[in-house]
Amino acid sequence: MRITVDIEDSVLKELSALTGETKKSPAVAKAVTEFVRRQRAREFGRLLMEGDFANAFEPAFDPEKQDK
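Residues numbered from 1 in each chain as written. Predicted model: local features only at pLDDT ≥ 70, side-chain atom pairs only at ≥ 80, totals over all residues. Heavy atoms only, no water.

Visitor: Describe helix α1 (residues 9-19), and please don't skip the residues or the numbers.
Guide: Among the residues making up α1, those that are buried are Leu12, Leu15 and Thr19. Angular distribution of buried residues about the axis of α1 spans 60°; they occupy a single face of the element. Among the exposed residues of α1, those oriented more than 90 degrees off its buried face are Asp9, Lys13, Glu14, Ala17 and Leu18. Considering only its buried residues, α1 is in contact with α2 (24-49). Following α1 by one or two positions, glycine 20 has its phi on the positive side, about 80°. (Buried < 20%, exposed > 50% of the residue type's maximum accessible area, 1.4 Å probe, protein only. Helix = DSSP H or I, 4+ residues; strand = E, 2+ residues; numbered from the N terminus. Arc of directions from axis to C-beta. Contact = heavy atoms within 4.5 Å.)

Any link to function would need more than the numbers given here.
This is how it looks when you write it as structure tokens:
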């Protein structure tokens, strides 16, 4: 999916340095994917800490697919 996003040049330069990507689109895609992965991990940890084991492990949960 293609979208248009306004991001300051300084932020894009830092993003490229942090992700190791030289092109803008792959750098932004990598950052967004990592953000979503971390949010899911945070929610997973919260559910485990609350003892909500039934909802922590969804039937479709596949840890191998979470990092990709």
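The rest of the description comes next.
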